[in-house]
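Residue-level structure breakdown
Residues per chain are reported as follows:
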Amino acid sequence: MTVDIRPWARRHPRAFDAATAGALCALAVLSTTMAQPPHIVRRPPPAAVGVAVLACAALLLRRSRPRLTVIITTACTAVLGAMGPSSGYEFGSNLTGPVMAALASLAWRTDSRTAACYTATAALALLAASALWPPGGSQLRPDQVGLAAFTLVAPAVADSLRSRRDYVTAVEARAEMAEHTREEEARRRVGAERLRIARELHDVVAHHITLAHAQAATADYLLAGRPDKAQQVMHNLTTTLDAALGELRATVGLLRERDEPHGPSTEPAPGLTRLPHLIASFDQVGLAVTLTRDGAARPLSPGVDLTAYRITQEALTNVSKHALTTTATVHLHYTDSLLTLTVTDDGPPARIRDATGYGLIGMRERAHAVGGHLRAHPRDPTGFEVTAELPTLAYSPPGRPAAHDKDTP
């Protein structure tokens, strides 16, 4: 049965380092007592034992000072190799254990370049020590080269494990970032959808409630002196509320359509073909609207058609609420690439109307959403003007600059 000591090593790092240093020190001291073939022939030389203990004790610094640990263990191991011929033991792999442990720790805690530099220096130092003080007079033997090369194994394995650890960490970080990005994108889409719903409901409710309020006030005024006229206004009020309820049902039904694909169909979204009905609804509350056109009418995409209708609806609603006038003008100008929609009135001078509400904000957002532009400003000397420039051609995808998109003054 294999026992995994890694959990214990993580919980007791100092005890693990001490046990590792003790085991390597015992192997190094034991190797100084042996001859080939392996058998104990002498007592361990005191000087060699002292150097081996110092080399292994340096491993206790491997977590906080990995570079210094490599330097101390390499120097001590080179001294052990140099002492071998005079003390009667061979420079074997057991003596290089502290160096290999120190290099492995360095490769695990630093980068590949640092580990490679220190590993090459340590290997050359050990090879030089075995070549300068060779046993038997031979300057360099293959086993000495193999021993120096053997020290490369541990740091190479540690560097590979560190690279794998860094790779796994990077993959987990990318996965976490991708999840975070998906959540941000989902929140952004939800926010955009909520804004679209709010804008649509605002346009529907604000228009019809404004008309209903004006009609109710008119009926209340006429009720005492002209009850027949008040009755007609009340009839118009009922018609207005029915239309409001119908548009609210259509809007809510359109929102539910995604979850209920087999539900009842809704009527088409309003467009410029319904402008006469829209203008007639304002006539009922005393706002006479004149509609003019120039240029050859061109087919519009459903989004632009709905946007033009909603901007006209909101602009006339603002006139009815704020302009203190009974007349307004709607002008449609068609070119090859643009529909210019202008709504004007001749009310008294005023600041930007609906500045504290969402009417102008909604109109601008609608225009920008289809690649257009909207301006709203007082006229000189009186009145107010709303101008929307909407593309008659296909709108480019979001992210590309929209044609004729200017900064709002």
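Just so it is clear, the structure is predicted and the values come from calculations on it, not from any experiment. (Residues numbered from 1 in each chain as written. Predicted model: local features only at pLDDT ≥ 70, side-chain atom pairs only at ≥ 80, totals over all residues. Heavy atoms only, no water.)

Glancing now at helix α3 (residues 46-57). Helical geometry: 3.6 residues make up each α-helical turn, so side chains three or four residues apart lie on a common side. With 12 residues, α3 extends 16 Å between its outermost C-alpha atoms, agreeing within 8% with the 16 Å of an ideal straight helix rising 1.5 Å per residue. For α3, the set of buried residues is Ala-48, Val-51, Ala-52, Ala-55 and Cys-56. For α3, the angular spread of buried residues about the axis comes to 130°, placing them on one side. Structurally, α3 contributes buried residues whose contacts are with α2 (13-31), α4 (66-87) and α5 (97-109). (Helix = DSSP H or I, 4+ residues; strand = E, 2+ residues; numbered from the N terminus. Expected span 1.5 Å × (residues − 1). Buried < 20%, exposed > 50% of the residue type's maximum accessible area, 1.4 Å probe, protein only. Arc of directions from axis to C-beta. Contact = heavy atoms within 4.5 Å.)

Moving on, we get to the UniProt feature "transmembrane region" (unreviewed entry) in the protein. The feature "transmembrane region" (unreviewed entry), as annotated in UniProt, sits at residues 45-61 and 68-85 in this numbering. The distance from the first to the last C-alpha atom of residues 45-61 is 26 Å, and the span holds 71% helix and 0% strand. (UniProt positions renumbered as here; feature names shortened; annotations may be inferred.)

Let us now look at the nonpolar core. Soluble, globular proteins show a tendency: their nonpolar side chains are buried together. Ranked by size, the top nonpolar core spans 35 residues in total, and within it Leu-272, Val-289, Leu-316 and Leu-374 carry the most contacts. Elements that contribute at least two residues to this core include exactly α10 (275-283), α11 (302-322), β4 (327-334), β5 (338-345), α12 (359-369), β6 (373-378) and β7 (384-391). By residue number, the principal contributor to this core is α11, which donates 7 residues. Every residue in contact with Leu-316, bar those within four places of it in the chain, is listed here: Leu-278, Phe-282, Leu-287, Val-289, Ala-328, Val-330 and Val-343. Counting residues in each nonpolar core, the second largest holds 27 residues, with Ala-21, Cys-25, Ala-52 and Cys-76 among its members. (Core = buried A, V, L, I, M, F, W, Y, C linked by side-chain atoms within 4.5 Å.)

On to the pattern of salt bridges, then. Pairs can form between side chains of opposite charge whenever their charged atoms are close. Counted by the stated rule, this structure contains 11 salt bridges. Among the ionic pairs, Arg-165 bridges to Asp-166, the shortest N-O distance being 3.3 Å. On the basis of relative accessibility, which here comes to 32%, the residue Arg-165 falls in the partly exposed class. Judged by its relative accessible area of 33%, Asp-166 is partly exposed. Beyond isolated ion pairs, a larger network of salt bridges with shared partners links Asp-159, Arg-162, Arg-165 and Asp-166. (Salt bridge = Lys/Arg side-chain N within 4 Å of Asp/Glu carboxyl O.)

Glycine aside, a negative phi is what most residues show, and trans is what most peptide bonds show. With an omega of 10°, the peptide bond running from Asp-380 to Pro-381 counts as cis. On the secondary structure map, Pro-381 appears in the loop between β6 and β7. For Leu-324, which is not glycine, the phi dihedral falls at a positive 55°. Its place among the elements puts Leu-324 in the loop between α11 and β4.

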